[in-house]
Amino acid sequence: MSILLKANHISKKYNTNINHFELKPSSISLEKGKIYILKGKSGSGKSTLLNIIGGMDRPTSGSVFFNNHSFYDLSDNEQSKIRNEKFGFIFQSFNLIPEMTVEDNIILPKYFNKNLKIDTNKISTIAAELGIKSLLHSKPSQLSGGEQQRVAIARALITSPEIIFADEPTGNLDSFNSKVIAELLVNVVLSRNTTLVLVTHEENLIEHQHVKLCMLNGELVVEEEHV
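The structure presented is a predicted model; accordingly, all values stated were derived computationally and were not measured. (Residues numbered from 1 in each chain as written. Predicted model: local features only at pLDDT ≥ 70, side-chain atom pairs only at ≥ 80, totals over all residues. Heavy atoms only, no water.)

**Quick notes on the overall build of the protein**
Alright, step 1. Scanning the protein for helices and strands turns up seven helices and ten strands.
Alright, step 2. For 227 residues, the compact-globule formula gives about 17 Å, and the C-alpha radius of gyration of the protein, at 17 Å, lands near that figure.
Alright, step 3. Expressed along its principal axes, the backbone C-alpha trace of the protein runs to roughly 45 × 45 × 40 Å.
Alright, step 4. Going through the 227 residues of the protein one by one, you find that 52% of them count as buried.
Alright, step 5. For the protein, long-range pairs separated by at least 24 residues make up 71% of all intrachain contacts whose partners lie at least 6 apart in sequence.
Alright, step 6. Carbon and sulfur atoms make up 48% of the accessible area of the protein, which amounts to about 11,300 Å² in all. (Helix = DSSP H or I, 4+ residues; strand = E, 2+ residues; numbered from the N terminus. Rg over C-alpha atoms; globule rule 2.2 N^0.38 Å. Buried < 20%, exposed > 50% of the residue type's maximum accessible area, 1.4 Å probe, protein only. Contact = heavy atoms within 4.5 Å. Areas by Shrake-Rupley, 256 points an atom, 1.4 Å probe, with all protein chains shown as cover.)

The structure is reproduced here in structure tokens:
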């Protein structure tokens, strides 16, 4: 068993004039090459948990370890380097830059890290796997929703990350395309032995073996592995 990331008793409190939210102390370990499905009602804390373990939001208490290093004790530059090179992110909104071609959107991480080596063969291989190779010179506005999400997946994969965090990646798609995109995402991460954390509200989105997680009133419940 190879543990990539471990969160120990992480919590988060938000207090505003409008509402109050609390992520109760939660712990989780992510193993290399495993799929984790995180479900829960809207407002239960799924995205908050994902943002903390994905290195985008410091917890109020608790700690996150990535490859045995305390993530939030690292410098800002070290944290950014991990997010850029070791983590991949996919969101409900495709977050593609409309002025850029599909190819330029895929290699966007390179614009933030000049040391990244991304060759044309890698771009071509990933695009072919995702069925968008013929669209590399198109603009996002020329693509369907499903095609745009395939581009977003390619962008998350292009740095060969160790973990991909996907927050409702099929939320803007119809039921048919949701199933297609989810299965495609799972297949490409499994082929690379990449860990996937997938936040979704959809039941039975994937058929592959996975660890089922659930957020209940701000508390993480780790259920048995589902086959």
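**Side note on the environment of Lys179**
Alright, step 1. Looking at the secondary structure, you find Lys179 in helix α7 (residues 175–191).
Alright, step 2. Take Lys179: its relative accessible area is 29%, and that puts it in the partly exposed class.
Alright, step 3. Between the alpha carbons of Lys179 and Glu202 there is a distance of 9.7 Å; along the sequence they are 23 residues apart.
Alright, step 4. Excluding anything up to four places from it in sequence, Lys179 contacts Asn204, Leu205, Ile206 and Glu207.

**Digging into unusual backbone geometry**
Alright, step 1. With a phi close to 50°, Asn67 is a non-glycine residue in the positive phi region.
Alright, step 2. By secondary structure assignment, the location of Asn67 is in the loop between β4 (61–66) and β5 (69–70).

**Brief notes about the packing of helix α6 (residues 145–157) against α7**
Alright, step 1. Closest axis-to-axis distance for the α6/α7 pair is 11 Å, and the angle between their directions is 20°. Of the possible angle classes, the one that applies to α6 and α7 is roughly parallel. Two packed elements cross with a definite hand, and for α6 against α7 that hand is right-handed. Mapping the contact onto sequence places Gly146, Gln149, Arg150, Ile153 and Leu157 in α6 and Val180, Ile181, Leu184, Leu185, Val188 and Val189 in α7. (Axes fitted to C-alpha atoms, helices over the stretch in contact; angles between N-to-C directions. Parallel < 35°, antiparallel > 145°, perpendicular 65-115°, else oblique. Left-handed = near helix turned anticlockwise from the far one by under 90°.)

**Regarding the pairing of strand β9 (residues 210–216)**
Alright, step 1. Within β9, five of the seven residues are buried, which leaves the element mostly enclosed by the surrounding structure.
Alright, step 2. Sheet analysis places strand β3 (residues 35–40) next to β9, joined by five bridges and oriented parallel. Within the sheet, the bridge partner assigned to Tyr36 lies in β9 and is Val211. (Pairing = 2+ DSSP bridges.)

**Considering α7**
Alright, step 1. Between its first and last C-alpha atoms α7 spans 25 Å; for 17 residues at 1.5 Å apiece the expected length is 24 Å, and the two agree.
Alright, step 2. Every buried residue belonging to α7 is among Ser178, Ile181, Ala182, Glu183, Leu184, Leu185, Val186, Val188 and Val189, and all of these are buried.
Alright, step 3. In this structure, the buried residues of α7 make contact with β3, β6 (87–91), α5 (120–129), α6, β7 (163–167) and β8 (195–199).
Alright, step 4. A distance of 3.2 Å separates the backbone nitrogen of Phe176 from a side-chain oxygen at the start of α7, and that oxygen is part of Asp174.
Alright, step 5. Immediately downstream of α7, the backbone of Asn193 shows phi near 60°, a positive value. (Expected span 1.5 Å × (residues − 1). Polar contact = N/O pair within 3.5 Å; in protein donor to acceptor, adjacent residues only side chain to side chain.)

**Some thoughts on the layout of surface pockets**
Alright, step 1. The space that makes up the largest pocket amounts to roughly 370 Å³.
Alright, step 2. In terms of lining, the largest pocket is formed by 15 residues, of which the most central are Arg83, Asn84, Phe89, Pro109 and Arg155.
Alright, step 3. Secondary structure elements with two or more residues in the lining of the largest pocket: α2 (76–85), β6, α4 (108–112) and α6.
Alright, step 4. No other element matches β6, which puts four residues into the lining of the largest pocket.
Alright, step 5. Looking at the lining of the largest pocket residue by residue, the class counts come to eight nonpolar, five polar and two charged. (1 Å grid on protein atoms, 1.4 Å probe; cavity = no way out; pocket = protein on both sides within 12 Å on 5 of 7 lines; lining within 4 Å. Points joined across faces, edges and corners; volume = space filled by probe spheres on them. Nonpolar A, V, L, I, M, F, W, Y, C, P; charged D, E, K, R; others polar.)

**Comments concerning the packing of aromatic side chains**
Alright, step 1. Inspection of every chain in the model, using the stated rule, returns seven aromatic pairs.
Alright, step 2. A ring pair is formed by Phe71 and Tyr72, whose centres lie 5.0 Å apart and whose planes are at 80°; its orientation type is edge-to-face. Per residue, the accessibility class of Phe71 equals that of Tyr72, and both read buried.
Alright, step 3. Measuring from centroid to centroid gives 6.3 Å for Phe71 and Phe87, while their planes differ by 25°, and the two rings are stacked. Of this pair, Phe71 sits in the loop between β5 and α2 while Phe87 is found in strand β6, placing the two residues 16 residues apart along the sequence. We note that Phe71, like Phe87, is buried.
Alright, step 4. Here the aromatic residues Phe66, Phe71, Tyr72, Phe87, Phe89, Phe91 and Phe165 are joined through ring pairs into a cluster of three or more. (Phe/Tyr/Trp six-rings, centres within 6.5 Å; stacked < 30°, edge-to-face > 60°.)

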